[in-house]
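# A look at the structure
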Amino acid sequence: KTGTKAAALYVLEVPGGGVAFVQLRLAKGQAAGSSFGAPFEEALRQRILDADEFYERITPQSLREDERRVHRQALAGMLWTKQYYYFDLDRWLKEHKAHPLLGGAGRGVRNAEWFHMLNGDVISMPDKWEYPWYAAWDLAFHTIALSLVDFDFAKEQLLLMLRSLYSHPNGQMPAYEWNFSDVNPPVHAWATLFLYKMEKNLGREDIQFLERSFQGLMLNFNWWVNRKDPQGKNVFAGGFLGLDNIGVFDRSAPLPTGGSLEQADGTAWMAFYAQNMLEMALTLSDHDPVYEEVAFKFLENVIWINYAMDKVGEHGDDMWDEEDGFYYDVLRLPSGEAFRLKVRSMVGLLPLCASTVFEEASVTRHPKLLE
């Protein structure tokens, strides 16, 4: 009689075409017999009516009946795939005798550099029956869907990854349980902007949410610039930077050739990140002029990254191939030799995502930036 989980076992014989029901109820102490029967059926009926009314309000009227069912099932799946996630890294590392601050000698224990982390929240999971752990960049996309049913929860999920107990002191966001230090596409800024704009269009602008997110994202952006641009050339590399396993090499591991890999998608993600931060800074500067100077710094980053991907003139080590009209990763060897890895993949298309439209008025309101 020890442990934390228990399960009831029912053995049912169901005839072909037949139906069997098991009625269950959580109750404190001994459940009264009257909890079942007619009261049980009525409670279930009322909850179904509640759900029908809820989805009727949020489902676009233009959808046909079959499409409405798909819409409802998809959102129900998002709501179902939430769970309480608890992970105390301090305790984990002590138990594995690998705590770096306590002289732990355990080698090969994952996430030793995340000893500060304490996770203890309800979090949206990619798929809790198979993957009962969060993945930070999946989570950013989850929040867009979840905002249709629970805006507050969606915003809290984004802020969660930027909190001190989750994010690393150096500004990195945790990736996923088996390697918090892995590198995923920086899409939190995009998701933050998306939610902010959606809510503003509903007539309830949340500038405080935007500012809180921006402060955490500034630290994360600096981590990218300082850690993932090894030669200070405004080209970036990392682990799973989109659509897993699309490169010639395992991009989470050292190159078999030595040297470094300059990633077209990793660099494009950073250009997009800088554009998102620029847009956020411009929005915040309408409320506080101090952000105008911050916006200028992100504009500089956008221009530097663009130039790094395609410098003036013809260069064999640029990511942009003028003849092919396509972006490629660049392999830079220890000898200094560099050449493009001419593989047509999503790597070369992701730079198209690094595109942001700025309305003329949003720029002319800031004459220093315009100059």
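Residues numbered from 1 in each chain as written. Predicted model: local features only at pLDDT ≥ 70, side-chain atom pairs only at ≥ 80, totals over all residues. Heavy atoms only, no water.

### As for helix α2 (residues 65-80)
In a regular helix each residue adds 1.5 Å, so 16 residues correspond to 22 Å; α2 covers 22 Å between its end C-alpha atoms and thus fits that length. Turning to α2, its buried residues number three or more, namely Arg68, His71 and Leu75. Along α2, the residues classed as buried sweep out an arc of 65° about the axis, all on the same side. For α2, the exposed residues lying more than 90 degrees away from the buried face are Asp66, Arg69, Gln73 and Trp80. Among the structural elements, α1 (38-58) and α4 (136-146) are those in contact with the buried residues of α2. (Helix = DSSP H or I, 4+ residues; strand = E, 2+ residues; numbered from the N terminus. Expected span 1.5 Å × (residues − 1). Buried < 20%, exposed > 50% of the residue type's maximum accessible area, 1.4 Å probe, protein only. Arc of directions from axis to C-beta. Contact = heavy atoms within 4.5 Å.)

### Observations concerning the packing of α4 against helix α5 (residues 151-160)
Orientation of α4 relative to α5, taken along the N-to-C sense of each, is 165°, at an axis distance of 8 Å. Considering their axes alone, α4 and α5 lie roughly antiparallel with respect to each other. As α4 runs across α5, the sense of the crossing is left-handed. Residues Leu139, Ala140, Thr143 and Leu146 of α4 lie in contact with α5, whose contacting residues are Phe151, Phe153, Ala154, Gln157 and Leu158. (Axes fitted to C-alpha atoms, helices over the stretch in contact; angles between N-to-C directions. Parallel < 35°, antiparallel > 145°, perpendicular 65-115°, else oblique. Left-handed = near helix turned anticlockwise from the far one by under 90°.)

### Remarks on the nonpolar core
Tyr134 and Met277 are the most contacted members of the largest nonpolar core, which totals 63 residues. At the level of elements, β1 (82-88), α4, α5, α6 (188-201), α7 (207-227), α8 (264-285) and α9 (291-309) are the ones that each hand at least two residues to this core. Looking at this core element by element, the count peaks at 12 residues for α8. Formed by 7 residues, the second largest nonpolar core is a distinct cluster that contains Ala264, Met309, Met319 and Val347. (Core = buried A, V, L, I, M, F, W, Y, C linked by side-chain atoms within 4.5 Å.)

### Quick notes on unusual backbone geometry
Leaving glycine out, the prevailing phi sign among residues is negative, and the prevailing peptide bond configuration is trans. The backbone phi angle of lysine 97 is positive, close to 50°, even though this residue is not glycine. Along the polypeptide, lysine 97 turns up in the loop between α3 (89-95) and β2 (118-124). The class for lysine 97 is exposed, based on a relative accessible area of 61%. The residue asparagine 111 is not glycine, and still its phi comes out positive at about 65°. Within the secondary structure, asparagine 111 is located in the loop between α3 and β2. The class of asparagine 111 is buried, set by a relative accessible area of 5%.

### Concerning the environment of phenylalanine 298
The topology assignment puts phenylalanine 298 in helix α9. As for phenylalanine 298 and glutamate 279, which are separated by 19 residues in sequence, their C-alpha atoms are 9.1 Å apart. Excluding residues within four positions of it along the chain, phenylalanine 298 makes contact with Phe214, Met218, Phe221, Ala274, Met277 and Leu278.

### Here we look at the pattern of salt bridges
Using the criterion set out here, one finds 21 salt bridges in the structure. Arginine 163 is paired through a salt bridge with aspartate 121; the nearest N and O atoms lie 3.9 Å apart. Here the residue arginine 163 occupies a position in the loop between α5 and α6, and aspartate 121 occupies one in strand β2, the gap between them amounting to 42 residues. Assessed through its relative accessible area of 34%, arginine 163 is described here as partly exposed. Put simply, glutamate 262 and arginine 332 hold a salt bridge, and the shortest N to O gap is 2.7 Å. Within this pair, whereas glutamate 262 is found in strand β3 (residues 260-262), its partner arginine 332 is found in strand β6 (residues 329-332), the two being separated by 70 residues in sequence. Neither residue differs from the other here; glutamate 262 and arginine 332 are each classed as buried. Linked by salt bridges that have partners in common, Lys155, Glu199, Arg204 and Asp206 make up one network. (Salt bridge = Lys/Arg side-chain N within 4 Å of Asp/Glu carboxyl O.)

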